Amino acid sequence: MSTPFPFTAVVGQDDLRLALLLNAVSPAVGGVLVRGEKGTAKSTAVRALSALLPAVDVVAGCRFSCDPGAPDPACPDGPHNPPGAFESRPARMVELPVGASEDRLVGALDIERALAEGVKAFEPGLLADAHRGILYVDEVNLLHDHLVDLLLDAAAMGASYVEREGVSVRHAARFLLVGTMNPEEGELRPQLLDRFGLTVEVAASREPDQRVEVVRRRLAYDDDPAGFAARWAGEEATVRQRIVAARELLPSVRLGDGALRQIAATCAAFEVDGMRADIVMARTATALAAWAGRTEVLAEDVRQAALLALPHRRRRNPFDAPGLDEDKLDRTLEEFSADSGESGESGESGESGESGESGESGESGDDDPDPDGPGGGGGQPKPDEGPQGDGDTDGAARPEAGESDGVPRQAGAGEQAPVQAAEPFRTKVLSVPGIGEGAAGRRSRARTEHGRTTGARRPRGALTKLHLAATVQAAAPHQRARGRSGPGLVLRRDDLRQAAREGREGNLVLFVVDASGSMAARQRMSAVKGAVLSLLLDAYQRRDKVGLVTFRGAAADVALPPTSSVDAAAARLESLPTGGRTPLAAGLLKAHDVLRVERLRDPARRPLVVVVTDGRATGGPEPVALAGRAARLFAAGGVASVVVDCESGPVRLGLAGQLAGELGGTAVTLDELRADSIAGLVKDVQGRSRRAA
C-alpha cells in the first residue's frame, strides 16, 4: 500500500482542511463538496484525511463493518447477538468511480436465487464498504443524477436500501461524504448542492513563496514518500489526538439560545431555501466549538459555520456565482448577538428590508438609450472572457459597408460593445426525434436503465432490471419437464428477461449564433442573447452538453467547445461583441466540423443544432448559395436542427424559414420560442413544420 501524502503537510487551503476536520469530528455535519480548479490539492487532502481517522472496531467476519458495541439489528450478516469476536482496523476511504453502476454503489441482489430458492443473496456495494469510513467521489458533478440521489439519500438516512422486484435488503451506511468537482466541467443541480453540508472553494495561491513551498514539499514526497511522511508523523499524531478529543467533547458542547437566534437570523437574512441550512449551521458551529476545545458555541463559531454552509445555498440558477457578503453577515450577527437580548426582535424587520437587495432591482436599469456609434471605441471584448478570435472583425460597423475581405482585420474596428441579455424566460421543449441511447437526461426519448417499462428482452451481460412477468412466462412451460415438485419456480438462466425501459436522454445542444452587423441593433441583440440564455437554462435543467459557435465579419469561431458547463457558455455569450458582415456559410461549416469531432468522442449523444440568425448571408462570392450547400450537409447527416428567426419589423424576408428548409429542420420566431405563447406545445425540431404544411 502506497504512503499517502501527510494531511498536515498540505500548504494553505485552510478552509478545505477545516471543513474536512469538522466532518471528521462530527459526520452529522453532512459532508463536504470541494469546488475548484485543477491542481489545487483537492484529492490529495481528502486521501490524506483517512490516515488521521481513529481505527474502528468491527464484528469479525461482518461484511458491513458492524460496531461490536452496537451492532445493526438489520445487518444482512446478522444477527450479532451476543457480540462475538471483533477486530480493529483502520477507517477505510472508498472511492466511487464516475462510471460506476447502481449495483456497484448500493449492492446487488441475486434475483435468480431469490426466485428459485427464496434466498436473499446480497453482494455488498461501495456504500457498505464505506460504512464508518470515508466515501470519496472525485468529479461528483459528472456522476449520473440518479446515483447522486442514491448517494445523498444514504448519507442523510445513515442506511442503504436495495429493492428489486419485491425483494429488499437494508444495511447501515454512515460515512463521511466528500465530493470534489471542477466547475468548468459543469455544475451540480441546486437540489444536490443543498444536500452537501459544507462547500469550500479552492484556488491555487498567487503568492510566489507559498507556491515555492508547495513544489518543494511535493518533490520531497515524490523522492522518498516514507521518509517524508516520517518527518510529519509528529504533526499527524497531534491532529489525530485532537480529533479524538473533539469527538469526546462534542456531546458536552452547549448551543445556547443566543447562538441559535444568530443562526436563524443569518439564514433568513440570506434568504436560503428550507431549513437544512439552519440545521447544518448548528451542527457545524457545535463541531467548531469542540474542535477549539470549548463547551460553548460563540459568535465566531456561527460566523465560520455560515461561511462554510451558506455560499452554495445562495444560488438560484446555474449562472449565479456562489458566495456570501461578509459585511452583511457581520451586521446580522452583531444585530442578533447575545448581548442585544430582546432588541434583536425589532431589528429583524430592518435587516430583512436591507436584504431586499437593492442591487437586484438595479438590474432593470441596464437599458442604454444611446446606441453605440459606428466608430465607438468601447466595443472590444474582455481579453480574459472573449473567445479566441473575437478581436477579428471587418472594418465596418454595418453589414453592407464596403469592407474588403482580403484586408487583415483590426481588433475593435467596426465592433459594437457587448450588450446585456434580456430577461430569460421559460422556453418550449425542443427535442430530437426518434429514440436514442445516450447519457441519461431530460430532453429526448431514449432507451435507458431508468424510466417506464416498455417491454422485455434477453439480458446482454449481467441482469440489472428483471422483468418478472416475462421471466415467469418464459419459465412456466418447462416446469413439468424440469421436475418441479415444490412451491419454488425451477428457473434456468435462459428464462431471465431484462426489462426494456424508455426514459429521457441529454443531448449536445450546439448554438450557432449570428453576431454580425445585421444583428447589432441594441434591442435586437439584447433579445437574442436573452433567448439563447433561456435555452442555456433549459439545457442545464435537461442535463445537456452545450457548445457555442459565433460568426461575424469574415469568419466563424468556436467560442466554447462542447462542455457540460452551461455557466461557461453564458459567460462567453455575455462578452460577445457584434459587427461586420454575415458569413453564414462559415458558421454552419464550423458547426458541422464541431459535430464531426464530437461524434468521435461521444457517439451515443445525439446533437441538436440551434441556429440563431435572421437568415441573411453576406460577404464573399455567392454567400447565399454557399450557405445553402453548408445547410444541406446537416440535412444529409440527419442532424436535428431548429432556426430561431431573429428578423423583426413590418417587412420580413423570410430568410430564416428558407434556411430551416435547407437544414431539414424548422423555424421559430423569438416570440414562438416562449413556452407561454401556446401552453403545453412541444416542438420536435424535424418534420413538424412540413407535416403542418
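Before any of the text, the structure's been laid out above.
Described in the following lines is the structure provided in the data block.

Reading the values: rules and limits
- Residues numbered from 1 in each chain as written.
- Predicted model: local features only at pLDDT ≥ 70, side-chain atom pairs only at ≥ 80, totals over all residues.
- Heavy atoms only, no water.
- Helix = DSSP H or I, 4+ residues; strand = E, 2+ residues; numbered from the N terminus.
- Expected span 1.5 Å × (residues − 1).
- Buried < 20%, exposed > 50% of the residue type's maximum accessible area, 1.4 Å probe, protein only.
- Contact = heavy atoms within 4.5 Å.
- Phe/Tyr/Trp six-rings, centres within 6.5 Å; stacked < 30°, edge-to-face > 60°.
- Lys NZ or Arg CZ within 6 Å of the ring centre and 35° of its normal.
- Pairing = 2+ DSSP bridges.
- Axes fitted to C-alpha atoms, helices over the stretch in contact; angles between N-to-C directions.
- Parallel < 35°, antiparallel > 145°, perpendicular 65-115°, else oblique.
- Left-handed = near helix turned anticlockwise from the far one by under 90°.
- Nonpolar A, V, L, I, M, F, W, Y, C, P; charged D, E, K, R; others polar.

Thoughts on helix 20 (residues 584-601)
In this model, helix 20 (18 residues) spans 26 Å end to end at C-alpha, consistent with the 26 Å of a helix rising 1.5 Å per residue. For helix 20, the complete set of buried residues consists of Leu584, Ala585, Gly587, Leu588, Ala591, Val594, Leu595 and Glu598. At its buried positions, helix 20 is contacted by strand 16 (508-514), strand 17 (545-552), strand 18 (555-563), strand 19 (607-613), helix 21 (623-636) and helix 22 (655-663).

Describing the packing of aromatic side chains
Aromatic ring pairs are described here by two measures, namely the spacing of the ring centres and the angle between the planes. Tallying each qualifying case throughout the model produces five aromatic pairs. Geometrically, the ring pair formed by phenylalanine 64 and phenylalanine 122 is stacked, given 6.2 Å between the ring centres and 15 degrees between the ring planes. On the criterion of sequence distance, the pair formed by phenylalanine 64 in the loop between strand 2 (56-59) and strand 3 (86-89) and phenylalanine 122 in strand 6 (residues 122-124) is long-range, its members being 58 residues apart. Pairwise contacts between aromatic rings join Phe5, Tyr221, Phe228 and Trp232 into one cluster. The positively charged end of lysine 328 is found above the aromatic ring belonging to phenylalanine 270, 5.0 Å away from the centroid. Over the face of the ring belonging to phenylalanine 425 we find arginine 674, whose NZ or CZ atom lies 4.1 Å from the ring centre.

A few points about the side chain of lysine 545
With respect to the helices and strands, lysine 545 occurs in strand 17. When sequence neighbours within four positions are dropped, the list of residues in contact with lysine 545 reads Asn507, Leu508, Val509, Pro562, Thr563, Ser564, Glu598, Asp602 and Arg605.

A closer look at the sheet that holds strand 10 (residues 176-181)
A sheet is described by the order of its strands in space; here five strands give the open sequence 4-7-10-1-11, paired in parallel fashion. If you trace the sheet from one side to the other, it starts and ends with strand 4 (93-95) and strand 11 (198-202), each paired once. Each adjacent strand pair in this sheet contributes to an overall mean axis angle of 20 degrees, direction not counted. Judged from the five bridges that link them, strand 7 (residues 134-138) and strand 10 form a sheet pairing that is parallel. Looking across to strand 10, one finds that isoleucine 134 is bridged to leucine 176.

Focus: the packing of helix 12 (residues 276-291) against helix 13 (residues 299-309)
Where helix 12 contacts helix 13, the two axes come as close as 8 Å, and the packing angle between them is 125 degrees. It follows that helix 12 is oblique to helix 13 by the angle criterion. Along this stretch, helix 12 crosses helix 13, giving a crossing that reads as right-handed. Listed contacts from helix 13 to Val280, Met281, Thr284, Ala285, Leu288 and Ala289 of helix 12 are Asp301, Val302, Gln304, Ala305, Ala306 and Ala309. Residue composition of the contact of helix 12 with helix 13, grouped by class: nine nonpolar, two polar and one charged.

So far we have only geometry, and geometry alone does not tell us how the molecule works.
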